Amino acid sequence: MQASAQDTPHAKHRKAGVVARVRQWWSQFIYQWQLQAMIAPGIVFMIIFNFIPIYGLVLAFKNYTVVDTISGAPWVGWENFRIILSDKYFWDSVWNTLGISAIKLSLGFVLPIILAVMIYEVPWGPFKRIVQTLTYLPHFFSWIILGGMLINWLSTNGLLNEILNFVGVNASSNYLLDADKYWGIAALSDVWKEAGWGTILYLAVMAGIDPSLYEAAEMDGASKIRRIWHITIPELGTMITLNMVLSISALFGSNLDQTLILMNTQNQPKSEVINSYVYRIGLTQGDFSYATAVGLGVSIVSVVLLVITNVVSKKINDNQSVL
């Protein structure tokens, strides 16, 4: 009688290998039970608040109202996505999001690197700590506080006009009522809030650079600028690439807190971003299905950008991925 495929020596060897790997994994799991117990709450949190809500994405393909259950709402297929393509206000929010994100990327990506290098090169410890603290500080304030400060500073009788009048420039504008100035205000205020915090990772990498590299370069007569350019910047290469990949994938993301604080009826044509549009359509107008379709579409585009940027960075970094 011919042996079945499951009884062949190759199948038995493969099955024994699988059993051995499972036993090894289980014994290692038991050996590290303290570590597993520490990450268990995080896993439970992610399952409850990150994975279970994914089920709600089916709303993008349904006509859901508050009187329906998610499973009971009627299916509409791709109808919500078809409406998106002809929605002028959605594309205006996309344009605003990309404009603000582009300014944030061009300034907010480079400034933390420059700031970290400058802090690292400061020889006097107390001054370095003071600078670090002052640059980190805005990160710990919420947009409720910072937004209130900006609204006051940029008002007709605010700090900015006071300074301009002091230096001889006659100014009496309320800058947040000028839609054409909103992109710059949003981008610069975000950079001001997060630039200092963004230096932490770069400073951590620089703390691990072998000092003998700088000593050897100094003995060879390299100036400080050349030591920064040929030692510090290359050592930061992986972190710079990682931040670039994450920043580009977040081009379609936007700071909802900042937008809701700084947006008003005068600047709304330039301040309405994708997240605030989803918030307005979904929560204030009750069109949950359309808002979900918008959010799903933007998330898919962001994932595609993340993959493309990672592939490009892999090509540049000798086939090494940063993710």
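Visitor: Explain the packing of helix α12 (residues 237-249) against helix α16 (residues 288-316) here, please?
Guide: When two helices pack together, their arrangement is captured by the angle between the axes and the distance separating the axes. Remark: α12 packs on α16, axes separated minimally by 8 Å, with the N-to-C direction vectors making an angle of 155°. On the basis of their axis angle, the class for α12 and α16 is roughly antiparallel. Handedness of the crossing formed by α12 with α16: right-handed. Residues T241, M244, V245, L246, I248 and S249 of α12 pack against S302, L305, L306, T309, N310 and S313 of α16.

Visitor: What exactly am I supposed to notice about helix α5 (residues 110-121) here?
Guide: Note on helix geometry: an α-helix contains 3.6 residues per turn, so any two residues three or four positions apart are oriented the same way. Taking 1.5 Å as the rise per residue, α5 with twelve residues should run 16 Å; its terminal C-alpha atoms sit 17 Å apart, in good agreement. For α5, the secondary structure elements touched by its buried residues are α4 (88-108), α6 (125-136), α9 (182-207), α11 (224-235) and α12.

Visitor: Please explain the pattern of salt bridges as it appears in this structure.
Guide: Pairing of side chains with opposite charge becomes possible as their charged atoms draw close. A full pass over the atoms with the stated rule returns seven salt bridges. The partner of D190 in a salt bridge is K104, with the nearest N and O atoms 3.9 Å apart. In this pair, D190 sits in helix α9 while K104 sits in helix α4, placing the two residues 86 residues apart along the sequence. Per residue, the accessibility class of D190 equals that of K104, and both read buried. Here R280 and E272 are joined by a salt bridge, their closest N and O atoms 2.8 Å apart.

Visitor: Looking at this structure, how should I read the side chain of S276?
Guide: With respect to the helices and strands, S276 occurs in helix α15 (residues 274-284). Within the local environment of S276, its side chain forms a polar contact with the backbone oxygen of V273, the two atoms lying 2.9 Å apart. If sequence neighbours within four positions are ignored, S276 has contacts with L256, T259 and S271.

Visitor: Sorry if this is basic, but what is going on with the nonpolar core here?
Guide: Burial of nonpolar side chains together is a common tendency in soluble globular proteins. Core analysis: the biggest nonpolar cluster contains 19 residues, and Y202, L203, M206 and I240 have the highest contact counts within it. Breaking this core down by element, the ones donating at least two residues are α5, α9, α10 (211-219), α11 and α12. Considering every element that reaches this core, the biggest residue donor is α5, with five residues. Once residues lying within four places of it in the same chain are set aside, the contact partners of M206 are A116, V117, Y120, T232 and L236. Listed in part, the 16 residues of the second largest apolar core include L251, I274, I281 and Y290.

Visitor: Can you walk me through the side chain of D87 in this structure?
Guide: Tracing the backbone shows D87 in the loop between α3 (79-85) and α4. Buried charge without a partner: D87 forms no salt bridge, and the closest opposite charge is R280, 7.7 Å away. Those residues in contact with D87, other than ones at most four positions away along the chain, are Y277 and Y290.

Visitor: Can you help me understand the packing of α4 against α5 in this one?
Guide: With their axes 4 Å apart at the nearest point, α4 and α5 run at an angle of 20° to one another. One finds that α4 runs roughly parallel with respect to α5. The residues of α5 that touch α4, namely those facing S106, L107 and G108, are V110, L111 and P112. Tallied by class, the residues present in the contact of α4 with α5 amount to four nonpolar, two polar and no charged.

Visitor: What should I look at first to understand the packing of aromatic side chains in this one?
Guide: Each pair of aromatic rings is reported with the distance of its centres and the angle of its planes. On inspection of all chains with the given rule, the structure shows 15 aromatic pairs. Taken together, a centroid distance of 5.6 Å and an interplanar angle of 15° make the contact between W26 and F29 stacked. Highlighted residues: W26 and F29, both in helix α1 (residues 9-31), separated by three residues, approximately one helical turn. Centroid distance W124 to F127: 6.5 Å. Interplanar angle 5°. Geometry classified as stacked.

Definitions and limits used
Residues numbered from 1 in each chain as written. Predicted model: local features only at pLDDT ≥ 70, side-chain atom pairs only at ≥ 80, totals over all residues. Heavy atoms only, no water. Axes fitted to C-alpha atoms, helices over the stretch in contact; angles between N-to-C directions. Helix = DSSP H or I, 4+ residues; strand = E, 2+ residues; numbered from the N terminus. Parallel < 35°, antiparallel > 145°, perpendicular 65-115°, else oblique. Left-handed = near helix turned anticlockwise from the far one by under 90°. Contact = heavy atoms within 4.5 Å. Expected span 1.5 Å × (residues − 1). Salt bridge = Lys/Arg side-chain N within 4 Å of Asp/Glu carboxyl O. Buried < 20%, exposed > 50% of the residue type's maximum accessible area, 1.4 Å probe, protein only. Polar contact = N/O pair within 3.5 Å; in protein donor to acceptor, adjacent residues only side chain to side chain. Core = buried A, V, L, I, M, F, W, Y, C linked by side-chain atoms within 4.5 Å. Lys, Arg positive; Asp, Glu negative; His and termini not counted. Nonpolar A, V, L, I, M, F, W, Y, C, P; charged D, E, K, R; others polar. Phe/Tyr/Trp six-rings, centres within 6.5 Å; stacked < 30°, edge-to-face > 60°.

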